2 protein chains.
Amino acid sequence: MPSSMSFRSHTCGELKSDHVGQHVTLCGWVQYLQDLFVILRDFSGMTQVLIPQDITVESVVQVKGRVRKRPAGQENKMPTGEIEVLAESVDVFNVCRKLPFEIKDFVKKSESLRMLYRYLDLRSGQMQKNLRMRSELVMKMREYLCKVHFVDVETPTLFKRTPGGAKEFVVPSREPGRFYSLPQSPQQFKQLLMVAGVDRYFQIARCYRDEGSKPDRQPEFTQVDIEMSFVDKGGIMSLVEGLLQYSWPAEKGPIQVPFQTMTYEEAMRDYGMDKPDTRFGMKTGSVQAICVPNGANLFTGKDLNKLKETAKTQFDQELNVVLVRADGTVKSLNKHLSQSTRDELLPKTGAQPGDLLIMAARLLLGNLRLQCAEILESYGVTVYDPLAFHFLWVVDFPLFLPNAEEPGKLDSVHHPFTAPLPEDKQLLYTEPQKQVRGQHYDLVLNGCEIGGGSIRFHKASEQLHVLTNILKEDPSCLSHLLDALDSGAPPHGGIALLDRLVSIMVGAPSIRDVIAFPKSFRGHDLMSCAPDLVSEEELKCYHISV
Amino acid sequence: MPSSMSFRSHTCGELKSDHVGQHVTLCGWVQYLQDLFVILRDFSGMTQVLIPQDITVESVVQVKGRVRKRPAGQENKMPTGEIEVLAESVDVFNVCRKLPFEIKDFVKKSESLRMLYRYLDLRSGQMQKNLRMRSELVMKMREYLCKVHFVDVETPTLFKRTPGGAKEFVVPSREPGRFYSLPQSPQQFKQLLMVAGVDRYFQIARCYRDEGSKPDRQPEFTQVDIEMSFVDKGGIMSLVEGLLQYSWPAEKGPIQVPFQTMTYEEAMRDYGMDKPDTRFGMKTGSVQAICVPNGANLFTGKDLNKLKETAKTQFDQELNVVLVRADGTVKSLNKHLSQSTRDELLPKTGAQPGDLLIMAARLLLGNLRLQCAEILESYGVTVYDPLAFHFLWVVDFPLFLPNAEEPGKLDSVHHPFTAPLPEDKQLLYTEPQKQVRGQHYDLVLNGCEIGGGSIRFHKASEQLHVLTNILKEDPSCLSHLLDALDSGAPPHGGIALLDRLVSIMVGAPSIRDVIAFPKSFRGHDLMSCAPDLVSEEELKCYHISV
């Protein structure tokens, strides 16, 4: 890039002893001041500068000067620790007021203060790194997808309400009573692009979901959205494996492919959940018990009470907690154990003296397993490698599950466009209430769902059958999609990868740490006060009133 | 890419005589059928296949067979014109119904039919090409920006209403009376990112503008949004020149940089508009006349009436039309010309015998100049090279103009964040009603504005002065931005490039031709019927009613 594009000759992070003697121009923020010394910071790092001038911390300056070796004994191990810049002139671009908090990574700030002054929070080294890693990851993904002939196509976000779109924001139009809707994903459009012969589509797509207040959910979020024609389940899975392998940051270590694959049934049986954390064992096993290694020795009464509380409040169940004594006999803390249970418990769980066994219903065990891992970690036991990334495909999900309120009615587990496994297809017409397995695949990383997709119906008659006869929905608002399937639709499928992937990659506790301007869990932008009051006058053209 | 990712071994466009003898698997649409011959099409092109089977046009099939040379005399110049595939097996993935129009580029369809069946319209060679060229252009732009250290940062689209945001869609939230707003650009967020030290930001940003019905405007559109710190006007301009030079498609020919630059004042004087088409002359000149070469010979009375009508309806003005006779004397068609005007007209305009001179107010002339060029082109005169791309910077725009309704009040010409030229800065405090020139730059291509940006205020006191004292706006709803400018804001500026760039590049008449699923000029999606009616029940959680 021509140097004329910028007021600086070098960045603050790049100066080394090679530069000694050079005239340089630096621009940046005053990170730290003492006597004549100033530490100047920009996105790339920091440099020590000698400035004979009075300025305030976080002011923005341009410094012209000469690079010199630091006096003996003043060097340090920082990237620019061997040199300093002797300023010859200093231009203050902007003086900084007293800030609500210091821009130092070790200064702890409350979440709400961080959000209120997000433009200061983003100056931290960690947030700078998160945003840059996200940008780089997404760029590498684009590179890979373009290389294998995907076309980046933008699809509308002003759409119409879809059936079951209770979580879609509405946008009033200037026509009385008519509203656009902000879609939860480009699902329909990407299928239409396959019908249109685009062959391979991707988009880093903005999606919207109005769920009211939910922790770590955002009303708008981004997904890497992919769809391709003439492909099967295995094809999409190997595409995603290649994509992640190519784009994963080198500093996070290489990714092994293919990823482990597990059926939904296996995941539920062995881990009590459909997105298991496979970084560690403690499987739920065949006797519906988990074995916590050394748990009898480590867990306190308080720990056990926490587990019981989870069982009670989240599942309305009682636990059966069993200790394995030093002599290999077992002691149940609450329930009587039959002799046959006692006899098979140790062989089947592989429990050793000092271990703790927890017996409960499988879904509850899945939850308790994670909680026990956390408790063990809190005692310094290494349950899993904190730097490991365990990718896992979960496949063969059921297509439908009984509606919670009307068990006679069937709901889609994911969405109504997923095709069944070929061997289960006949069941759609004969016994849909039986567990029909779909060509759906979820991608799980360290126990978090980071993506999901499926092979879709490409025949209108089959799609119509599912909508009308199984889901009992009115197919008329999907008539454009049904018409499209009848107009020469190729076999096709796709996947969407979520924000969560980035937060796990950078090791951030929340997706808010990989989004520049996130909303609070109430959906507020604390900095600008969105959403805000709007006058009745301004709503008039939309024919609505509060 | 592993071939397991796809059902095909080759695409329909790639088979050549080199492939003769190979077994191949093709997937695609039946473009054309006659006897045993089928032309199979996919995104990449077409191949002739011999299929002993009855199918319908636009059905989707998989063909396995062997490539062979076409019989002598049957070859043609198409990319696959030397070979054909002798099918050994054919799988019909999907049978196509009778379509509302044929998928052939030469079949003319009405705009509304194209929109209603957009998934068929997109199968045309032209639309496939447009979408792919757009994808490639944007990818090259990303590559360039990443190379020069820009960070791709996503900013929210659920924001709050900005002052003067009459064209912003509102999005009701679940809190009574509170609305998000869909922003017209990420302007505030990108400035905040500079305050946050991101240094160089870009985003391919979705933007929204509710203008009701307007031809060739879309309620949602995309801009390449750029902002950088420690930069001046020249820096942004050379960045954009490098960006376009790098990403411009090779087949459209190279771009010369630097682009021509013209001040706003020069543009208004010489072309009667701030976005002149510099592919041709016919300048409005110093005597407020344009000279249409050979116009006296070519233009009919009907043509002149059209020009007069434009003058009357759009500007409420009369034209003065003057013919230059073969003998070099002039004849005014409507007004009497003074002898002095007659004397200076030809020397000043350079008019020759047979030319036509049109005299009017400058703004009107700017408009008539384009109309005259069109008329000349319709007579087969080459006014400009249809394949040429003339980029032009227009700079030094006024910062403010008097409000149309209250001439005592000043409005921002672009937005209130643009900084003045250094030499005009003092006028902000002394005589803001004088034409204060701003550090704004528009990028014009072939007479269309394709981008615009500016260097922004980075001092809170100056920004506050403009908002409060000059624009008389309540600065409270921009308090977060003013606070941010007071917290160590670097000098910064940016630009946004628009969809229109892509449509001019591919030679499309409308931006609708470079958007996969555009809205009609009424803002409707004809295919899905958005916007649609929503029940009062569904609006309840948003506390609004129609």
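Database annotation for chain A, UniProt heading Sequence similarities (unreviewed entry): "Belongs to the class-II aminoacyl-tRNA synthetase family. Type 1 subfamily."

When you go through chain A residue by residue, the secondary structure sums to 15 helices and 22 strands. Principal-axis analysis of the C-alpha atoms places the extent of chain A at approximately 85 × 75 × 50 Å. The proportion of buried residues among the 546 residues of chain A is 57%. Looking at chain A alone, contacts between residues at least 24 apart form 65% of all its contacts between residues at least 6 apart. A total accessible area of about 22,800 Å² is found for chain A, and carbon and sulfur atoms account for 52% of it. Side-chain charges in chain A split into 63 positive and 68 negative, and the spacing between the mean points of these groups amounts to 3 Å.

Across all of its chains, the model carries 30 aromatic pairs over all chains by this definition. Residues Y144 of chain B and Y246 of chain B carry aromatic rings whose centres are separated by 5.4 Å and whose planes lie at 40° to one another, so their mutual orientation is tilted. Within this pair, whereas Y144 of chain B is found in helix α3 (residues 125-147), its partner Y246 of chain B is found in helix α5 (residues 233-247), the two being separated by 102 residues in sequence. An aromatic cluster of three or more residues is present, and its members are W248, F259, F389, F391, W393 and Y441 of chain A. Across the ring face of Y384 of chain A, the terminal group of R279 of chain A is positioned such that the distance to the ring centre comes to 3.9 Å. The lysine or arginine in question, R369 of chain B, covers the ring of F280 of chain B, its NZ or CZ lying 4.1 Å from the ring centre.

Here we take up the side chain of S229 of chain A. Considering the arrangement of structural elements, one finds S229 of chain A in strand β10 (residues 220-229). Ignoring any residue separated from it by four or fewer positions in sequence, one finds S229 of chain A in contact with M194, D199, P490, P491 and H492 of chain A.

As enumerated under the stated definition, the model contains 72 salt bridges over all chains in all. Its salt-bridge partner being E58 of chain B, residue R123 of chain B comes within 2.8 Å of it at the nearest N-O pair. Placement of R123 of chain B in the loop between α2 (118-121) and α3 and of E58 of chain B in the loop between β3 (45-50) and β4 (60-69) is noted, with a sequence separation of 65 residues between them. Where E211 of chain B meets K167 of chain B, a salt bridge forms, and the shortest distance between an N and an O atom there is 3.6 Å. Of the two residues, E211 of chain B is situated in the loop between β9 (200-208) and β10 (220-229) and K167 of chain B in the loop between β6 (151-152) and β7 (170-172); the sequence distance between them amounts to 44 residues. By relative accessible area, K167 of chain B is classed as partly exposed at 38%. One network of salt bridges, with partners in common, ties together E111, R114, R118, D121, R512 and D513 of chain A.

Let us now look at the domain arrangement of chain A. Under the domain assignment used here, chain A contains domain 1 (3-94), domain 2 (128-262 + 391-514) and domain 3 (280-378). Put simply, the middle of domain 1 of chain A and the middle of domain 2 of chain A, counted by C-alpha atoms, are 49 Å apart.

Attention shifts here to the sheet that holds strand β11 (residues 260-263) of chain B. Paired through their backbone hydrogen bonds, the strands of a sheet run either parallel or antiparallel. Residues and elements named next belong to chain B. Read from one edge of the open sheet, eight strands run β6-β9-β10-β21-β20-β19-β16-β11, paired in mixed fashion. The sheet terminates laterally at β6 and β11, the two strands that pair on one side only. Pairing of β11 with strand β16 (residues 391-395), which is carried by four bridges, proceeds in the parallel orientation. The residue of β16 that forms the bridge with Q260 is L392. Packed onto the sheet, α3 meets β6, β9, β10 and β21 (492-498) and runs at close to 150° relative to β9. Across the sheet, helix α6 (residues 264-271) touches β11 and β16, and the angle it forms with β11 is around 90°.

A word on the packing of α6 of chain B against helix α10 (residues 362-378) of chain B. Packed helices, taken two at a time, are described by their axes: the angle between them and the distance between them. Residues and elements named next belong to chain B. Relative orientation of the contacting elements α6 and α10 amounts to 70°, with a least axis distance of 8 Å. The orientation of α6 with respect to α10, classified from their angle, is roughly perpendicular. In this structure, α6 uses M268, R269 and Y271 to contact α10, whose residues at the interface are R362, L363, G366 and R369. Of the residues assigned to the contact of α6 with α10, the class counts are three nonpolar, one polar and three charged.

Looking now at the interface of chain A and chain B. Listed per partner, the contact involves 120 residues of chain A and 119 residues of chain B. Across the chain A/chain B interface, buried area totals approximately 10,700 Å², and carbon plus sulfur atoms make up 59% of it. Looking at the side of chain A facing chain B, the largest losses of area belong to M5, E154 and F230 of chain A, adding up to 7% of the total buried there. Where chain A meets chain B, there are 14 salt bridges.

Another point: the relation of the copies chain A and chain B. Superposition of chain A onto chain B requires a rotation of 180° combined with a translation of 0.0 Å along the rotation axis, giving an RMSD of 0.1 Å. In the structure described here, the two chain copies are related by an operation that fits a two-fold rotation axis. Here 99% of the interface residues in chain A have copies in chain B that are interface residues too; the copies meet face to matching face.

Residue and element names in this part refer to chain B. Of all five residues making up β16, five are buried, and the element is well covered by its neighbours. Neither face of β16 is exposed, since F391, W393 and V395 on one face and L392 and V394 on the opposite face are all buried. Relative to strand β19 (residues 440-445), β16 is paired through five bridges, and the arrangement is antiparallel. Its bridge partner lying in β19, V395 is registered against Y441.

Moving on, we get to the sheet that holds strand β2 (residues 37-42) of chain A. Residue and element names in this part refer to chain A. On the basis of which strands lie adjacent, the closed barrel formed by five strands has the order β1-β2-β3-β5-β4 and mixed pairing. The mean inter-strand angle of the sheet, taken between neighbouring strand axes irrespective of direction, is 55°. Where strand β3 (residues 45-50) meets strand β5 (residues 83-94), two bridges bridge the pair, whose relative direction is parallel. Along β5, the bridge assignment pairs V49 with V85.

This paragraph deals with unusual backbone geometry. Cis geometry marks the peptide bond from A530 of chain A to P531 of chain A, where omega comes out at -5°. Within the fold, P531 of chain A resides in the loop between α14 (500-506) and β22 (532-533). Look at D396 of chain B: it is not a glycine, yet its phi comes out positive at around 60°. Counting through the fold element by element, D396 of chain B comes out in the loop between β16 and β17 (400-402). Here D396 of chain B falls in the buried class, since its relative accessible area comes to 15%.

All names here are of chain A. In this structure, K77 sits in the loop between β4 (60-69) and β5. With relative accessibility at 86%, the residue K77 sits in the exposed group. The spacing of K77 and S44 is 33 residues in sequence and 16 Å in space, taken between C-alpha atoms.

Next up on the list: helix α10 (residues 362-378) of chain A. Relative to the 24 Å expected for 17 residues at 1.5 Å per residue, α10 of chain A spans 24 Å between its end C-alpha atoms, a close match to the ideal helical length. Each element contacted by the buried residues of α10 of chain A is listed here: α6 (264-271), β12 (289-292), α7 (295-298), α8 (301-315) and β15 (356-359) of chain A.

Residues and elements named next belong to chain A. Within helix α12 (residues 460-470), burial applies to A460, E462, Q463, H465, V466, L467 and I470. Buried positions along α12 lie against β17 (400-402), β18 (410-412), α11 (427-430) and α13 (479-485). Immediately downstream of α12, the backbone of K472 shows phi near 55°, a positive value.

Relative to the assigned elements, S181 of chain B resides in strand β8 (residues 178-181). Ignoring any residue separated from it by four or fewer positions in sequence, one finds S181 of chain B in contact with T157, L158, F159, K160, R161, E168, F169 and V170 of chain B.

Residues and elements named next belong to chain B. Packing of α3 against helix α14 (residues 499-506) leaves a shortest axis separation of 10 Å and a crossing angle of 125°. The orientation of α3 relative to α14 falls into the category oblique. For the pair α3 and α14, the crossing hand works out as right-handed. Along the contact surface, α3 presents N130, M133, R134, L137 and M141, while α14 presents D499, L501, V502, M505 and V506. Considering only residue class, the contact of α3 with α14 consists of seven nonpolar, one polar and two charged.

The next thing to look at is the state of the cysteines. This model, assessed by the stated rule, comprises zero disulfides over all chains. C27 of chain B takes part in no disulfide bond, and the closest cysteine sulfur to it belongs to C12 of chain B, at a distance of 8.0 Å. A relative accessible area of 0% means that C27 of chain B is categorised as buried. Note on C146 of chain B: no disulfide assigned, nearest cysteine sulfur contributed by C146 of chain A at a separation of 12 Å. Of the residues examined, C146 of chain B reaches a relative accessible area of 24% and is grouped as partly exposed.

Procedures and definitions
Residues numbered from 1 in each chain as written. Chains lettered and ligands numbered in written order. Predicted model: local features only at pLDDT ≥ 70, side-chain atom pairs only at ≥ 80, totals over all residues. Heavy atoms only, no water. UniProt positions renumbered as here; feature names shortened; annotations may be inferred. Helix = DSSP H or I, 4+ residues; strand = E, 2+ residues; numbered from the N terminus. Buried < 20%, exposed > 50% of the residue type's maximum accessible area, 1.4 Å probe, protein only. Contact = heavy atoms within 4.5 Å. Areas by Shrake-Rupley, 256 points an atom, 1.4 Å probe, with all protein chains shown as cover. Lys, Arg positive; Asp, Glu negative; His and termini not counted. Charge placed at Lys NZ, Arg CZ, Asp CG, Glu CD. Phe/Tyr/Trp six-rings, centres within 6.5 Å; stacked < 30°, edge-to-face > 60°. Lys NZ or Arg CZ within 6 Å of the ring centre and 35° of its normal. Salt bridge = Lys/Arg side-chain N within 4 Å of Asp/Glu carboxyl O. Domains from an automatic or database assignment. Pairing = 2+ DSSP bridges. Axes fitted to C-alpha atoms, helices over the stretch in contact; angles between N-to-C directions. Parallel < 35°, antiparallel > 145°, perpendicular 65-115°, else oblique. Nonpolar A, V, L, I, M, F, W, Y, C, P; charged D, E, K, R; others polar. Buried area = accessible area lost by both parts, 1.4 Å probe. Least-squares fit on C-alpha atoms with pLDDT ≥ 70 in both. Expected span 1.5 Å × (residues − 1). Left-handed = near helix turned anticlockwise from the far one by under 90°. Disulfide = S-S within 2.5 Å.

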